[in-house]
Amino acid sequence: MAKKLPKVDVVVIGVGWGGGIIASELTKQGLHVVGLERGKERKTEDYYMVHDELRYALRYELMQDLSKETITFRSNEKIRALPMRQYGSFLLGDNLGGAGVHWNGHTFRFLPYDFQIRTKTLERYGKNKIPADMTIQDWGITYDELEPYYDKFEKTCGISGEENPLGGKRSDKYPTPPMKMSPQLVMFRDVTKKMNLHPYALPSANLSEPYTNPDGISRAACQYCGFCERFGCEYGAKADPVVTVIPVALKTGKFELRTHSNVRRILHSGSKATGVLYIDTTTGEEIEQPADIVMLTSYVFNNVRLLLMSKLGKPYDAASGTGVIGKNYAYQVLKGNATGFFENKEFNIFAGAGALAMCLDDYNGDNFDHTDLKFIHGANISISNFGLRPIQNNPVPKGKPGWGKDFKAASLKYYNRTLSVGAQGACMPFRHHYLDLDPTYKDSFGDPLIRLTFDFEDQDRELARFQVSRCEEIMKEMGADTVVANKELGPYDIVPYQSTHNTGGVIMGADPATSAVNHYLQMWDAENVFVVGASAFPHNSGYNPTGTVGALAYRAAEGVIKYSKQGGMLV
Amino acid sequence: MPDQAEQNDQQPVSRRNFLKNTGYALGGLIVGGVVGSLVRTNPQAPAPVPAPGAAPAAQDYNQALMYFTQEQFKIVDAATERIFPKDENGPGASELGAAFFIDHQLAGEWGFNAREYMQPPFYKGEKVQGYQGRLRRREIFDIGLREIQNYSMSKYQKKFEELAPEEQDAVLTAFEKDEVNLTTISPSGFFNLLRSSTLEGVYADPLYGGNKNMAGWKMKNFPGNQMSYANIIDKEFQKIPPVSLREHLTH
């Protein structure tokens, strides 16, 4: 029998960006919030020895322990899904702050086009532009409606940037100026300007200067140390939930954070949740936490998995195309890079920051004409200056071997002489791309793993070919002696790392028949359950998702506060 | 390499600038108190690095075996050296201690695939579904090394470590190209594991037993563990002498 605790106003499942933002906003309004985080606590002091490529980048120090829980994957319904036994394509965050700790800090706004993608595609190109099994839909919210929440998230983080000449309208400029520009970024900017493109500094959550946010949190400036993605920041310069929103929530005295608390079920009766059932992983004890409002704020896969295991909402059925939970899984199309080898130029390739980059949106969204193209949407094209570390970066020109004397000489020579321009392609949803519960494989509690059914489509292959060609043009203009560009996307392969931008499964929209949550991320089928995260995206844009996750979390927080006063469906 | 004076000029950050850049001296509330403790008391002092080839330095007590047998170690030492050989750029994998690195890694959680999903049932999957075997890395090494030895003996009637370098390359190539017929493991899968762990042993922080004296980093002009590049990020390429994580504990 589970131990039953006294009821609280709000229980939050998973304390990363979503949970942290919700907790800070709700506790400021006086609500009593309990945060259940299955991992351990995290703090900046943990990163004293963080400049360790082996431990963090290759042994995945900050990532979820796959021996306890993973996902299963199949390319299509005809083959058996098998577990992702080792990390590859994407990295699942773990512990307090979640994936918000190991990110790079790219903080974009999606384009106005994204939120009305179906309407705008039909308007400009007609019905035949959308393949029969491509399930794009409008988001039930417009860019203009979401704009104030983007602004709020950017101010919480202190985003360093300059206006995107091709982006949506802004109510205010970025809170801090762009980061320092390295010579290779200046090259990219100058060359693309000459090509009549519109480069701008990538909006960065690595602070360009010391900054105090509206919550009174002060953070130090980025030191360009070159250890960002897959690492935590020892300066607190990279915005993450642990150094921004979580301390704000804790300071109110209204936020009770319980780590090592793994939620296994959302309890419900009728059309309302009554609380959650979780395990204290240090003792194995089963605990029931009743609550007026349940906030599901874990990563995409667990948002879907918990709803399906809890039998909350209608599971998606790909055969009939009905139901919603698990629908419209999407990813990112970004295997294609143009790599340039420079014979007589060396760069400080070892230095950098996660979000130090120049980019452009001339080929993103519907900023270019798709009439004669066999795809919709596009990609943000960028050159990054992350800081490349030596184990994982051994570039050699085509024709050189992968080991031995020639490999050694070439990889030493080109380590500091190689640049790359890449395209981060949008990913459209398709009827047969979805998440459901695996019939065979279990987690360490005996609960089913989530099963991913996904592959790249013609849309993705066409998009990749087009975008890689644009990257190639830019890299050639930048004066590389040799440019290598791989234009063939191939099948979706879970082995090579691509992107931790998994989206969909609990999507937002205006119609309960085709979406799981409304534009406050309130569940159509359970008015006191809000599901926050990239799980709400009906498709994924040609950008990193965190900016939009943050904006939607602030939007949801406003909805919850409204709901806590008036109850009922907000829409 | 630039001479010592030039290197000192290129120290990427002074204590004063470091404090200024981080905002640490501005009196703001810094979330997370690690910044102060990370500041080296004397950033100008070069790290104590023993001169390469200097007469017997202190013994390296790290160079003993945690997992491999002596025979396995000899094969790994020879094979990693062929993957990353000594040349005019500097030492090879053997001198850098890559085989000790791999031995030590196999003894721990990586060797046991401890943080990976190893639950049954096991099925042969599609290539895009990734590794689906039931063997753990230490078992794969046991089998792979035995097969390298078997292949060398049957083809050359000599142990792998006694072969000429070109013959060793031929053996490794046969594994890389799946020209060896094995039933339990994938020859190319094993070769790739050997190759990637060799690079780890060459370039991981020396604390793990490879990259001896940071010589791997020096060859690659990788500066290792530096607190800040704020003063050089917008400048042209700079050679910076490497620093390892040990520096954090020696101030």
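Residues numbered from 1 in each chain as written. Chains lettered and ligands numbered in written order. Predicted model: local features only at pLDDT ≥ 70, side-chain atom pairs only at ≥ 80, totals over all residues.

Trainee: For this particular structure, what's the right way to read the overall build of chain B?
Mentor: Along the backbone of chain B there are 10 helices and zero strands. In chain B, the succession of α and β elements from N to C terminus is α-α-α-α-α-α-α-α-α-α. (Helix = DSSP H or I, 4+ residues; strand = E, 2+ residues; numbered from the N terminus.)

Trainee: Could you clarify how one ought to interpret the overall build of chain A in this entry?
Mentor: The helix and strand inventory of chain A stands at 12 helices and 23 strands. Here the C-alpha radius of gyration of chain A, 23 Å, is about what a compact globule of 571 residues would show, namely 25 Å. Counting only C-alpha atoms and orienting by the principal axes, one finds that chain A spans roughly 70 × 55 × 50 Å. Residues counted as buried form 62% of the 571 residues belonging to chain A. (Rg over C-alpha atoms; globule rule 2.2 N^0.38 Å. Buried ≥ 20, exposed ≤ 12 C-beta atoms within 10 Å, placed from the backbone.)

Trainee: Just to check I follow, could you spell out the interface of chain B and chain A for this structure?
Mentor: One frequently used descriptor of interface size is the decrease in accessible area upon assembly of the parts. On the side of chain A, 70 residues touch chain B, which itself brings 64 residues to the contact. Of all the secondary structure elements, the ones that give two or more residues to the side of chain B that touches chain A are α2 (15-22), α3 (34-38), α4 (70-83), α9 (187-203) and α10 (215-220) of chain B. The dominant element in the side of chain B that touches chain A, judged by the number of residues it contributes, is α9 of chain B, at four residues. Among the residues forming the side of chain B that touches chain A, the class breakdown is 34 nonpolar, 18 polar and 12 charged. (Contact = placed C-beta atoms within 7 Å. Nonpolar A, V, L, I, M, F, W, Y, C, P; charged D, E, K, R; others polar.)

Trainee: Explanation requested: the environment of I266 of chain A in the structure shown.
Mentor: Residue and element names in this part refer to chain A. Within the secondary structure layout, I266 lies in strand β10 (residues 261-269). Judged by the 23 C-beta atoms lying within 10 Å of it, I266 is buried. Here the alpha-carbon distance between I266 and A551, two residues 285 residues apart in the chain, equals 25 Å. When near neighbours in sequence (up to four residues on either side) are disregarded, I266 contacts A273, V276, V294, L306, S310, L312 and V529.

Trainee: Honestly, the packing of helix α1 (residues 17-28) of chain A against helix α12 (residues 546-566) of chain A in this entry has me stumped. Any pointers?
Mentor: Residues and elements named next belong to chain A. Between α1 and α12, the shortest axis-to-axis distance is 9 Å and the interhelical angle comes to 35°. Between α1 and α12 lies a crossing of right-handed hand. For the pair α1 and α12, the contacting residues are W17, G18, I21, I22, E25 and L26 in the first and T546, V549, G550, A553, Y554, A556, A557, V560 and I561 in the second. Split into classes, the residues belonging to the contact of α1 with α12 amount to 11 nonpolar, three polar and one charged. (Axes fitted to C-alpha atoms, helices over the stretch in contact; angles between N-to-C directions. Left-handed = near helix turned anticlockwise from the far one by under 90°.)

Trainee: Can you help me understand the sheet that holds strand β15 (residues 357-360) of chain A in this one?
Mentor: Pairing between the strands of a sheet comes from backbone hydrogen bonds, and it takes one of two forms, parallel or antiparallel. Residues and elements named next belong to chain A. Taken in spatial order, the six strands line up as β6-β15-β16-β17-β14-β20 in an open sheet, and their pairing is antiparallel. Edge positions in the sheet fall to β6 (200-201) and β20 (482-485), since each has one partner strand and no second. Along the sheet, helix α7 (residues 183-194) contacts β15, β16 (379-384) and β17 (418-425); its crossing angle with β15, the most-contacted strand, is approximately 20°. (Pairing = 2+ DSSP bridges.)

Trainee: Whenever I open this one, the domain arrangement of chain B confuses me. Can you help?
Mentor: All names here are of chain B. Partitioning chain B into structural domains gives domain 1 (4-46 + 223-249) and domain 2 (70-118 + 132-215). Taken together, the contacts link five residues of domain 1 with four residues of domain 2. Among the residues making up the side of domain 1 that touches domain 2, the classes are represented as two nonpolar, two polar and one charged. (Domains from an automatic or database assignment.)

Trainee: Even after reading the chapter, I still don't get helix α6 (residues 98-107) of chain B, so can you show me in this structure?
Mentor: Note that an α-helix has 3.6 residues per turn; residues three or four places apart therefore point the same way. Residue and element names in this part refer to chain B. Counted residue by residue, α6 has nine buried out of 10 residues, so it is predominantly covered. The set of residues buried in α6 consists of A98, A99, F100, F101, I102, D103, H104, Q105 and L106. Elements in contact with the buried residues of α6: α4, α5 (93-96), α7 (137-156) and α9.

Trainee: Would you mind going over unusual backbone geometry with me for this structure?
Mentor: Across residues other than glycine, the phi torsion is negative in most instances, and most of the peptide bonds are trans. Residues and elements named next belong to chain B. Residues P120 and P121 are joined by a peptide bond in cis, for which omega reads 0°. Within the secondary structure, P121 is located in the loop between α6 and α7. Positioned with a positive phi, Q157 is a non-glycine residue whose angle comes to about 55°. For Q157, the position within the fold is in the loop between α7 and α8 (165-176). Of note in this structure, M214 is not a glycine but carries a positive phi near 60°. Tracing the sequence through the fold places M214 in the loop between α9 and α10.

Trainee: Any chance you could explain the sheet that holds strand β18 (residues 434-442) of chain A here in plain terms?
Mentor: Residues and elements named next belong to chain A. Taken in spatial order, the four strands make up an open sheet running β5-β4-β19-β18, and their pairing is mixed. If you trace the sheet from one side to the other, it starts and ends with β5 (82-83) and β18, each paired once. Pairing geometry for β18 and strand β19 (residues 448-453), over five bridges, is antiparallel. Its bridge partner being in β19, L435 is matched across the sheet by L452.

Trainee: Can you help me understand the domain arrangement of chain A in this one?
Mentor: Residue and element names in this part refer to chain A. Partitioning chain A into domains gives domain 1 (1-46 + 92-159 + 239-329 + 499-571) and domain 2 (181-236 + 333-425 + 455-491). The gap between the C-alpha centroids of domain 1 and domain 2 is 30 Å. In this assembly, 34 residues from domain 1 lie in contact with 36 residues from domain 2. Put simply, the parts of the chain that give the side of domain 1 that touches domain 2 at least two residues each are α3 (99-102), α4 (112-115), α5 (117-125), α6 (143-157) and α8 (245-251). Of all the elements, α5 adds the most residues to the side of domain 1 that touches domain 2, at four residues. Considered class by class, the residues forming the side of domain 1 that touches domain 2 number 15 nonpolar, 13 polar and six charged.

Trainee: Help me understand the pairing of strand β2 (residues 8-13) of chain A, please; the structure alone is not making it clear to me.
Mentor: In regular strands, side chains alternate between the two faces of the sheet. Residue and element names in this part refer to chain A. Summarising the sheet, β2 and strand β12 (residues 285-296) pair through five bridges and their orientation is parallel. The partner of V11 across the bridge, within β12, is V294. Pairing between β2 and strand β3 (residues 33-36): four bridges, direction parallel. Following the sheet pairing, V12 is matched in β3 by G35.

Trainee: Looking at this structure, how should I read the nonpolar core?
Mentor: When a protein is soluble and globular, its nonpolar side chains tend to lie buried together. All names here are of chain A. Counting 236 residues, the largest nonpolar core has V12, I22, M295 and V531 as the members making the most contacts within it. A per-element tally of this core places α12 first, with nine residues. If we skip the residues at most four places from it in the chain, V531 touches L296, N303, V506, A516, V517, L521, M523 and A536. (Core = buried A, V, L, I, M, F, W, Y, C linked by C-beta atoms within 7 Å.)

Trainee: Could you clarify how one ought to interpret the confidence of the model for chain B in this entry?
Mentor: Residues and elements named next belong to chain B. Chain-level statistics for chain B give a pLDDT mean of 84 and a share of 77% at 70 or above. Below a pLDDT of 50 lies the segment residues 1-48, which in the model reaches 81 contacts outside its immediate sequence neighbourhood of four places, other chains included. For this predicted complex, the interface score ipTM comes out at 0.96, alongside a pTM of 0.93. (pLDDT = per-residue confidence, 0-100.)

Trainee: Just checking my understanding: could you explain helix α11 (residues 458-477) of chain A for this structure?
Mentor: Here α11 of chain A spans 29 Å end to end across 20 residues, near enough to the 28 Å set by a 1.5 Å rise per residue. Residues of α11 of chain A that are buried: Q459, D460, L463, A464, F466, Q467, V468, R470, C471, E472, I474 and M475 of chain A. (Expected span 1.5 Å × (residues − 1).)

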